[in-house]
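# Working through the structure, step by step
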Amino acid sequence: MARYRRLSKALTNYISFKEDERGAIKKPISRPSSISVKKNIWDLIGKVVIIAEKPKAARRIVEALSYKTKPKLYRSNGVPYWIIRSSALELYVVPSAGHLFGLYTSKWGYPTFTYEWRPLYEIDKKSSYTRKFINLLSKICREANYYINACDYDIEGSVIGYMIIKYFGDPHRSLRAKFSSLTPYELRKAFTQLTDLDWNMVEAGLCRHELDWIWGINVSRALMDSIKTVSGKRLILSAGRVQTPTLKYVVENEVERYLFIPLPQYSISATIIVDGERYTLEYKGDSIETRNEAEALVKSIKDKKYLKVVDYKEEYWNINPPPPFNLGDLQAEAARIYGFSPYKTQSIAEQLYLNAYISYPRTNSQKLPKDLNYRSILNNIAKIYQYNSLVKQLLAETKGVLKPVEGPKEDPAHPAIYPTGIIPKGLKSDEQKIYDLIVRRFLAVFAYKAKIVHKIAYFKPLSRSPEILFTLSGKEIVEEGWYKYYPFHRPSEKYIPKFKIGQLVSLYRVSVRKSYTKPPDKLSKIRILKWMENSQIGTEATRARIIEILFSRRYLASKSGKVNVTDLGLAVIEVLDEYFNELTSIELTRKFENYMEQIRFGRMSRDRVIVEARNTLEKLIREFNAKKKEVGLKLSWRLKLLTPNNKCRLCHREEYMNGLCRYHYSAFTKITEFYKEWKRREGVSWEEYIKALKSFRNTGKWIKEVLESMSHSMGPK
Ligand code: ZN
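In this text, all values refer to a predicted model and were calculated from it rather than measured experimentally.

So, on to the overall build of the chain. Counting its regular elements, the chain contains 24 helices and 17 strands. Overall size of the chain, expressed as C-alpha extent along the three principal axes, is 100 × 75 × 40 Å. In the chain, which comprises 717 residues, the proportion classed as buried is 55%. Surface exposure of the chain reaches about 33,100 Å², of which carbon and sulfur atoms provide 49%. Here the chain holds 123 positive side-chain charges and 78 negative ones, and the gap between their average locations is 4 Å.

A word on the packing of helix α8 (residues 243–258) against helix α17 (residues 567–579). Here α8 crosses α17 at 110°, and the two axes come no closer than 10 Å. When the axes of α8 and α17 are compared, the pair comes out roughly perpendicular. Two secondary-structure elements touch here, α8 through T244, L247, K248, V251 and V255 and α17 through G569, L570, I573, L576 and D577. A per-class count over the contact of α8 with α17 returns 6 nonpolar, 2 polar and 2 charged.

Looking at the chain, the pLDDT average stands at 90 and 93% of residues meet or exceed 70. Per-element mean pLDDT across the chain ranges from 44 in helix α1 (residues 2–14) up to 98 in helix α14 (residues 429–444). Confidence over residues 1–28 falls short of pLDDT 50; this stretch has 46 contacts with residues more than four positions distant or in other chains.

To continue, consider α14. Its 16 residues place the ends of α14 22 Å apart at the C-alpha level, agreeing with the 22 Å of an ideal helix rising 1.5 Å per residue. With 12 of 16 residues buried, α14 is to be regarded as a mostly interior element. Listed as buried for α14 are E431, I434, Y435, D436, L437, I438, V439, R440, R441, F442, L443 and A444. Those residues of α14 that are buried lie in contact with α10 (327–338), α11 (342–354), α12 (374–381) and α13 (385–398).

Evaluated as defined, the whole model comprises 57 salt bridges. The salt bridge partner of K248 is D577, with a shortest N-O separation of 3.3 Å. Taken as a pair, K248 in helix α8 and D577 in helix α17 lie far apart in primary sequence, 329 residues in all. The buried category is assigned to K248, whose relative accessible area is 17%. Here E618 ties to R614 by a salt bridge, and the two come within 3.5 Å at their closest N and O atoms. Of this pair, E618 and R614 both sit in helix α20 (residues 606–626), 4 residues apart, which is roughly one turn of the helix.

Below, the discussion takes up helix α5 (residues 155–168). With 14 residues, α5 extends 20 Å between its outermost C-alpha atoms, agreeing within 8% with the 20 Å of an ideal straight helix rising 1.5 Å per residue. Summarising burial for α5: 13 of the 14 residues are buried, a large majority. The opening residue of α5 is D154, an N-cap whose side-chain oxygen sits 3.1 Å from the backbone nitrogen of E156.

Backbone-to-backbone hydrogen bonds join strands into a sheet, with any given pair of strands oriented parallel or antiparallel. Pairing within the open sheet is mixed, and its 7 strands lie in the order β2-β3-β4-β1-β7-β8-β9. Among the strands making up the open sheet, the edge pair consists of β2 (72–76) and β9 (195–196). Against the sheet, helix α4 (residues 130–141) engages β1 (46–52), β2, β3 (79–86), β4 (89–95) and β7 (146–150), with an angle of about 165° to β4.

Within a regular strand, the side chains alternate between the two sheet faces. Sheet topology note: the strand β12 (residues 306–319)/strand β15 (residues 504–516) ladder contains 3 bridges and is antiparallel. From the neighbouring strand, L307 faces β15, where its bridge partner is V505. Note: β12 against strand β13 (residues 450–461), 12 bridges, orientation antiparallel. In the sheet register, K308 faces β13, and the bridge partner there is K460.

Turning our attention to the coordination of the zinc ion. Bound to the zinc ion are the protein donor atoms C648 (SG), C651 (SG), C661 (SG) and H664 (ND1), situated 2.1 to 2.3 Å from the metal. In this structure, the zinc ion is coordinated by 4 donor atoms arranged in tetrahedral fashion, with angles at the metal of 98 to 116°. Of note, the donors binding the zinc ion are all from one chain and are spaced C-x2-C-x9-C-x2-H. Of this pair, C648 sits in the loop between α21 (628–638) and α22 (662–682) while C661 sits in the loop between α21 and α22, and the two are 13 residues apart along the sequence. Take C648 and C661: they sit in the same class, and that class is buried.

This brings us to the packing of aromatic side chains. Per the stated rule, a full pass over the model turns up 30 aromatic pairs. Both rings, one in F101 and one in F168, keep their centres 6.1 Å apart while their planes meet at 40°; by these two values the pair is tilted. Here F168 lies in helix α5 and F101 lies in strand β5 (residues 101–104), a separation of 67 residues in the sequence. No difference in accessibility class separates F101 from F168, as the two residues are buried. When the centroid spacing of 4.5 Å and the interplanar angle of 25° are considered together, the rings of Y663 and W702 count as stacked. With Y663 in helix α22 and W702 in helix α24 (residues 701–709), the pair connects residues that are 39 residues apart, well separated along the chain. Grouping residues by exposure puts Y663 and W702 together as buried. An aromatic cluster is defined as three or more aromatic residues linked by ring pairs; in this entry it consists of Y516, Y675, W678, W686, Y689 and F696. In this structure, R278 is placed above the aromatic ring of Y508, and the distance from its NZ or CZ to the ring centre is 4.2 Å. Taking the ring centre of Y486 as reference, the NZ or CZ of R441 above it sits at 5.2 Å.

Thresholds applied
- Residues numbered from 1 in each chain as written.
- Predicted model: local features only at pLDDT ≥ 70, side-chain atom pairs only at ≥ 80, totals over all residues.
- Heavy atoms only, no water.
- Helix = DSSP H or I, 4+ residues; strand = E, 2+ residues; numbered from the N terminus.
- Buried < 20%, exposed > 50% of the residue type's maximum accessible area, 1.4 Å probe, protein only.
- Areas by Shrake-Rupley, 256 points an atom, 1.4 Å probe, with all protein chains shown as cover.
- Lys, Arg positive; Asp, Glu negative; His and termini not counted.
- Charge placed at Lys NZ, Arg CZ, Asp CG, Glu CD.
- Axes fitted to C-alpha atoms, helices over the stretch in contact; angles between N-to-C directions.
- Parallel < 35°, antiparallel > 145°, perpendicular 65-115°, else oblique.
- Contact = heavy atoms within 4.5 Å.
- Nonpolar A, V, L, I, M, F, W, Y, C, P; charged D, E, K, R; others polar.
- pLDDT = per-residue confidence, 0-100.
- Expected span 1.5 Å × (residues − 1).
- Salt bridge = Lys/Arg side-chain N within 4 Å of Asp/Glu carboxyl O.
- Polar contact = N/O pair within 3.5 Å; in protein donor to acceptor, adjacent residues only side chain to side chain.
- Pairing = 2+ DSSP bridges.
- Donors = N, O, S within 2.8 Å, 3.2 Å for Na, K, Ca; no water.
- Tetrahedral: all angles 85-135°; square planar, octahedral: opposite > 155°, others 65-115°.
- Phe/Tyr/Trp six-rings, centres within 6.5 Å; stacked < 30°, edge-to-face > 60°.
- Lys NZ or Arg CZ within 6 Å of the ring centre and 35° of its normal.

Here is the structure:
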């Protein structure tokens, strides 16, 4: 029972951190002045509690710190913890299970800005497993002399450790261990160079949690309430600060595809014969807009026997190795090469990190640490059979001068991802693939440039013929360079002969080549992630998870690796865009991301950011409430909770014009509009045009639905 008394006492202590009714923050967390003890763990005296982010990380820390004395393993309710005893020192190494605390409000309705931190198991049934960790930590932290936050060194890890110390320990007697990999060497170094708690990271992390919470709960409640007011139904809907602009990006792409009409376009292709081999040349002049123009050009050169080489160029390009991996680049490569989702790649990388095989993966950096012993890592990697000869070759080629290329991106907390040199045991096939990418990329950054020759030849028909310039291009690898180590960027080669200016080549055949314009590519998870990265929303740690949330909320669905927007996703974005427009805009999200970055560098305070977010939300919600009925009605129609008086004759959506919803109406207008261009280019009749559109795979879904419903007499003659 003592531990529960302890817990409730900790909770009472914590009230000082709670907000008042109006939600204004009473005071920021108080930062103790440096505890000015010696920052080497072996100089500490008494009971020291070391908090690790996960049990596996705790084990690595124990292995690293127990070289002086043997650790003892204990278990409490299945949770392992260790005690290392040395003369005047007792080290307790205790794991967390990621976040143990979350934000909670007992208030109903919206807007609400009153919240407090509570143990997660009290808030969320799915987190009941965190209870045994809380019980253990509350017990062990009692009467300790010092606390060390040894969670992952990023804003999440800083918050996880801080919350535990805040509840059960004492931030005034706490230190931080900072490391980028779980190798014994780096961990030992971190524990002899302890620092004060990283308050800026803690503040930035708390801010992110609070922002996401007030944003999510208020917008979600507003949406759900609008539906309930109109239809009387309770439905779970969610929106989020980063989630919603991301969903909008996917919706916009999908709408463009659904409304896509391919247009015919023309080029002229010619086949020549050189030394018995055939090569195909192409001419894509801006002047060829219609089929007639293309056919006239072909006719004018059809009887020519030769083409003349008017220019021939060879260009040698040096291709630098790519920079070492940050998480986004690793996720992109794993998606491109193996089709892994960003979330899968991140999870695998985290396991590799917890096993100390690679450095910390949630990094944005494309730079390796200057003081890293590259040589010793390479020597260790050479002990792995499949890399043995590659490493030997690399050391021979570079004569042992190891200077890595770097990319421009940086991360204040961590370097780029690199293999630690600890030899992996028993990797599963997918883990092996990710590890292999990281090792090969690491080798490539030290290697020489690759060299490629680009060849291009230009041809013209002889004498008074029209201005046609055919091109033929080729590409060959001259020097393999870093492709040897990281073959995944090796371009495909295309051989063409060397031509002389003025040379005549026999023309074998010439014809019109017709193609059709293409819709934007369907999005994949990795393209969504890359877009988030480029738009500077979310963080390395959160992006992949936010994308998964869009799927679990049924806003998106996945079909053979590609992303589809559901009716629900479309409806939510349409409504938010119309009535809550700043929420779907990436600018607002980016502004707050930037604020959090400023907090991390100590240039801005958390309260200022939260107060501004609160003001913004209050204004948005006032605007929303004024239109609550309209919103509720629209959402209820779209979610098929209510039937609109006038329905689209092709779908369940409400009528917008001429018996069609806004999407089918747009499709209808576009079909009529595009006919003019089709007629000009291809000279087709309305019936032929409709038939052609129906037959194309790339014709948009809504366009096809309208086409199916059209009688032939409907269109212009
Ligand atoms: Zn419709």
